[in-house]
Amino acid sequence: PKGERDFMAGRVKWGVIGVGGIARRRTIPEGLAPASNAELTAVYDIDMDANAQVARQYGAQAASNVEELLAAEVEAVYVATPAHLHYQQVLTCAAVGKHVLCEKPLGLTVAEAETIVAVMKQAGLLLGTAFMMRFLAQHQAARRLIEEGRLGQPVYGRAQLSCWYPPIPGAWRQDLALGGGGSLMDMGGHCIDLLEMFFGPVSKVSCFVSNTVQAFEPEDSAVALLWFASGALGTVDACFSVPDEASKNRLELYGSRGSILAEGTIGQGSQGRMVAYLTEAAAGYNAQQARDAAAGLEIAPEPVNTYRAEIEEFSAAILEHRPCLVTGEDGLRSQKVLAACYESARTGRVCEVC
């Protein structure tokens, strides 16, 4: 029917490079499959069994290599391979005119990320960075409160993301040459990106990394102190050395008029618990420092699946011929902050974000 054809014409055809990890667990079943404006067309993974299984499950073409996938009828490509492959794969997509949503980090270095951003821009193609945690409904609600001035002058933010990640043979995140870093690169990048969404750009950092528990080359524990251009301060702690049930993945945002405190909103789920403790106006000094534990406002908007929101927003940007909300520049920005963090950890100095 004509109406059905018109509806299908409003769906972006997607290819996925790398279906063995986050794509298979989350982005395809929760994002691409249910998206109202996207259609999974072709997939490729070096693991041919996984590739065939995913293709069969979702009715997509199982490509035998990247070139075959790009030759299929795809308009956008989701790159979800190990980090060391992103650079060349994004450039290959750009050469044949495909929009790209790339998992972070965009490349192993700032230079690689700069090249990716420049090449995609010159080609007139959309480049998005898969910071899906920005789309969480509670994070967006907190952002609006801050933009409305309800938090007052931002003072301090903390973002935590940790898990238990013991040595696993062949795990690319545990190989510095393949992942570019450890817990800070893999999980701390999400935390830094969220804090910058709330408080604006980071101008300088101080950072410590350690192999506290796990016996692999990249760090298993990291703490970064952030100085924002606004004058606010922040910390990020990201560890591969804390049991999953022990880490509550806390987000804490403090300002001159209160705080927004959350537990479990940072991660792969669609919600946690977030409470705001806000005052209407600045008060005088209270020597008693009395605290009313019942004064919080629960922030509980309708949950949004972050993977579906990410795919639908990027698809809408293609269909509407507009920039996407989470850009390649955001991914480049993240890598610049991370590079400064690793430089600080290496030298023991405070480092400027270039």
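Conventions used here
Residues numbered from 1 in each chain as written. Predicted model: local features only at pLDDT ≥ 70, side-chain atom pairs only at ≥ 80, totals over all residues. Heavy atoms only, no water. Salt bridge = Lys/Arg side-chain N within 4 Å of Asp/Glu carboxyl O. Helix = DSSP H or I, 4+ residues; strand = E, 2+ residues; numbered from the N terminus. Buried < 20%, exposed > 50% of the residue type's maximum accessible area, 1.4 Å probe, protein only. Pairing = 2+ DSSP bridges. Contact = heavy atoms within 4.5 Å. Axes fitted to C-alpha atoms, helices over the stretch in contact; angles between N-to-C directions. pLDDT = per-residue confidence, 0-100. Lys, Arg positive; Asp, Glu negative; His and termini not counted. Polar contact = N/O pair within 3.5 Å; in protein donor to acceptor, adjacent residues only side chain to side chain. Parallel < 35°, antiparallel > 145°, perpendicular 65-115°, else oblique. Left-handed = near helix turned anticlockwise from the far one by under 90°. Nonpolar A, V, L, I, M, F, W, Y, C, P; charged D, E, K, R; others polar.

Participant: Could you clarify how one ought to interpret the pattern of salt bridges in this entry?
Facilitator: It is possible for side chains bearing opposite charge to pair when their charged atoms get close. Across all of its chains, the model carries 16 salt bridges by this definition. With a closest N to O distance of 3.7 Å, D186 and K104 form a salt bridge. With D186 in helix α9 (residues 183–199) and K104 in the loop between β5 (99–102) and α6 (110–122), this residue pair connects regions lying 82 residues apart in the sequence. Assessed through its relative accessible area of 18%, D186 is described here as buried. A residue is classified by how much of its surface remains accessible, and K104, at 11% relative accessible area, is buried. In this structure, R322 engages E313 in a salt bridge whose closest nitrogen and oxygen atoms are separated by 2.7 Å.

Participant: Looking at this structure, I do not really get the sheet that holds strand β13 (residues 273–278). What am I missing?
Facilitator: For sheets, the rule is that strands pair by backbone hydrogen bonds, running either parallel or antiparallel. Here nine strands make up an open sheet; going across it, the order is β14-β13-β12-β11-β7-β10-β9-β8-β15 and the pairing mixed. A strand with exactly one partner marks an edge of an open sheet, and here the two such strands are β14 (297–298) and β15 (351–352). The strands touched by helix α7 (residues 137–147) are β11 (250–255), β12 (258–263) and β13; relative to β13, the strand with the most contacts, the crossing angle is about 15°. Running over the sheet, helix α11 (residues 328–347) touches β8 (202–210), β9 (221–228) and β15 and is turned about 50° from β8.

Participant: Looking at this model, I keep getting lost on the confidence of the model for the chain. Mind explaining?
Facilitator: Detailed conclusions should not be drawn from predicted coordinates in areas where pLDDT is low. Mean pLDDT over the chain works out to 94, with 94% of the residues at or above the 70 mark. Per-residue pLDDT stays below 50 along residues 1–8; that stretch engages in two contacts with residues further than four places along the chain or on separate chains.

Participant: Sorry if this is basic, but what is going on with the side chain of K98 here?
Facilitator: Positionally, K98 belongs in the loop between α5 (83–95) and β5. Within the buried core, K98 has no salt-bridge partner, and the shortest N-O distance to an opposite charge, that of E75, equals 8.4 Å. In this structure the side chain of K98 is engaged in a polar contact, spanning 2.6 Å, whose partner is the backbone oxygen of V74. Setting aside residues up to four positions removed in sequence, K98 forms contacts with L70, A72, V74, E75, V77, C93, M120 and L125.

Participant: Just to check I follow, could you spell out the packing of α9 against α11 for this structure?
Facilitator: Think of two packed helices as two axes; the pair is described by the angle between the axes and how far apart they sit. In contact at an axis separation of 10 Å, α9 and α11 are set at 120° when each is read in the N-to-C sense. By the angle between their directions, the pair α9 and α11 is classed as oblique. Handedness of the α9/α11 crossing: right-handed. Here α9 contributes L184, M185, G189, I192 and E196 to the contact with α11, which in turn contributes R333, S334, V337, L338, C341 and Y342. Residue composition of the contact of α9 with α11, by class: seven nonpolar, two polar and two charged.

Participant: Please explain the environment of K336 as it appears in this structure.
Facilitator: Relative to the helices and strands, K336 is located in helix α11. In this structure the C-alpha to C-alpha distance between K336 and V202, which are 134 residues apart in sequence, comes to 9.9 Å. In this view, K336 contacts V110, E114, V353 and C354; residues no more than four positions away in its chain are not counted.

Participant: Would you mind going over the pairing of β13 with me for this structure?
Facilitator: On any regular strand, side chains alternate: one points to one face of the sheet, the next to the other face. Relative to β13, β12 runs antiparallel, the two being bridged by six bridges. Counterpart to A262 in the pairing with β13 is M274. As defined by bridge partners, β13 adjoins β14 across two bridges and the pair is classed as antiparallel. In the sheet register, V275 faces β14, and the bridge partner there is E298.

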